[in-house]
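Single-letter residue listing:
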Amino acid sequence: MNLKRISISLLAGAAVLASCSQEKGYVIYGTVSNPDLEGAQVFLVPLENATKETIDSVYIHNQMFEFRGTEEKIADIRIERFKRLGNENLLVVTEPGETFVTIGQVSSSRGTPQNDSLQVWKNLTKQYFQQSAKLRSQGRKDEAAGLRERYVARTRQMASNVGRSTTLGAFLDSRYPEKQQ
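Below, the structure is looked at part by part. Keep in mind that what you see is a predicted model, and the values were worked out from it rather than measured. (Residues numbered from 1 in each chain as written. Predicted model: local features only at pLDDT ≥ 70, side-chain atom pairs only at ≥ 80, totals over all residues. Heavy atoms only, no water.)

### Considering a positive patch on the surface
To keep it simple, the criterion reads: Only residues whose relative accessible area exceeds 30% and that form no salt bridge are eligible for patches; like-charged ones are grouped when within 9 Å, while nonpolar side chains (Val, Leu, Ile, Met, Phe, Trp, Tyr) are grouped when within 5 Å. Accessible surface area values rest on a Shrake-Rupley calculation with a 1.4 Å probe, where residue burial reflects the displayed protein chains alone. Any carboxyl oxygen of Asp or Glu that lies within 4 Å of a side-chain nitrogen of Lys or Arg is treated as forming a salt bridge with it. Positive: Lys, Arg. Negative: Asp, Glu. His and the chain ends are not part of the count. By convention, the point assigned to a charge is CZ for Arg, NZ for Lys, CD for Glu and CG for Asp. The helix and strand labels rest on DSSP assignments: H or I over at least four residues marks a helix, E over at least two residues marks a strand, and numbering proceeds from the N terminus.
A contiguous patch of positive charge, built from Arg-136, Lys-141, Arg-148 and Lys-179, is present on the exposed surface. Relative to the elements of secondary structure, Arg-136 occurs in helix H2 (residues 113–137).

This is how it looks when you write it as structure tokens:
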């Protein structure tokens, strides 16, 4: 076997190992918009069955933080309690791949299929609550009820579109489950 073949074999093996490790794990790259949060602790809290053992935490350095892991779940990213004011918590799916989040007055995520869809749902939800509050303050309760029906239908449709067996699909489906007959 010549040196060129050995080198190619080693490179191919390294590429396979790198792709396998990336496929199995998630990386969340985070930034914060407020420089006063330097040194603050950021938590990744599972939405279900959160315990001291299942909550991950890191510190903000240079307005950045990072989480890594392998378990796929819906989780909430939040700043430590006494520095949280003015910073919106953020739901994320810890799915394989790279997710990019920004924590601030309005927090957001992007980068993986489920997180991209979750951000769409978050925007839809925010818009629904704003429109619903406006209609209710104007005494237009029937219109607000119709708006709610459309929002629930859209959430259910999104659950179906992403697949009810996915982490995000199951989460969305649990928000407004179909009534059993």
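### Here's the deal with the sheet that holds strand S5 (residues 74–79)
Adjacent strands of a sheet pair through backbone hydrogen bonds, lying either parallel or antiparallel. So the rule is basically this: DSSP bridges decide pairing: two strands pair if at least two such bridges lie between them. Fitted lines through C-alpha atoms give the axes, limited to the stretch in contact for helices. The angle between two N-to-C directions lies from 0 to 180 degrees.
Read from one edge to the other, the open sheet built from four strands follows the order S3-S2-S5-S6, with strand pairing classed as antiparallel. Either end of the sheet is taken by a strand with one partner, and the two such strands are strand S3 (56–59) and strand S6 (90–93). Averaged over all neighbouring strand pairs, the angle between strand axes comes to 25°, with direction disregarded.

### Concerning the nonpolar core
Note the following rule: Definition of nonpolar core: a set of buried residues of the types Ala, Val, Leu, Ile, Met, Phe, Trp, Tyr and Cys, connected through side-chain atoms within 4.5 Å. For each residue, the accessible area found with a 1.4 Å probe, counting protein chains only, is set against the maximum for its type, and the residue is called buried under 20%, exposed over 50%, and partly exposed in between. Contact definition: two residues touch when any of their heavy atoms are within 4.5 Å.
Counting 18 residues, the largest nonpolar core has Phe-65 and Ile-77 as its most contacted members. Where this core is concerned, the elements lending two or more residues are strand S1 (26–32), strand S2 (41–46), strand S4 (64–69), S5, S6 and strand S7 (97–103). If near-sequence neighbours (up to four positions away) are discounted, Ile-77 is found in contact with Ile-28, Val-42, Phe-43, Leu-44, Phe-65, Asn-89, Leu-90, Val-92, Val-101 and Ile-103. In this structure, Ile-74, Leu-124, Tyr-128 and Met-158 belong to the second largest nonpolar core, which totals 17 residues.

### Section: the packing of H2 against helix H3 (residues 141–162)
Rules: Working definition: roughly parallel below 35 degrees, roughly antiparallel above 145 degrees, roughly perpendicular at 65 to 115 degrees, and oblique for all remaining angles. Each residue is assigned to one class: nonpolar for Ala, Val, Leu, Ile, Met, Phe, Trp, Tyr, Cys and Pro, charged for Asp, Glu, Lys and Arg, and polar for all the others, Gly among them.
One can describe the packing of H2 onto H3 by two numbers: an axis separation of 9 Å at closest approach and a directional angle of 170°. As far as their axial angle goes, H3 and H2 are roughly antiparallel. Of the residues in H3, those in contact with Ser-117, Val-120, Trp-121, Leu-124, Thr-125, Tyr-128, Gln-131, Ser-132, Leu-135 and Arg-136 of H2 are Lys-141, Glu-143, Ala-144, Leu-147, Arg-148, Tyr-151, Arg-154, Thr-155, Met-158 and Val-162. The class makeup of the residues in the contact of H2 with H3 is ten nonpolar, five polar and five charged.

### Some points on the side chain of Asn-87
Cut-off, in case you're wondering: Think of a polar contact as two N or O atoms within 3.5 Å of one another; within protein, one of them needs to be a possible hydrogen donor and the other a possible acceptor, and neighboring residues in sequence only count if both atoms come from side chains.
The topology assignment puts Asn-87 in the loop between S5 and S6. Taking relative accessible area as the criterion, Asn-87 reaches 10% and is therefore assigned buried. A distance of 3.3 Å separates a polar atom in the side chain of Asn-87 from the backbone oxygen of Lys-83. Ignoring sequence-local partners within four residues, the contact set of Asn-87 consists of Leu-37, Ile-79, Ile-103, Gly-104 and Gln-105.

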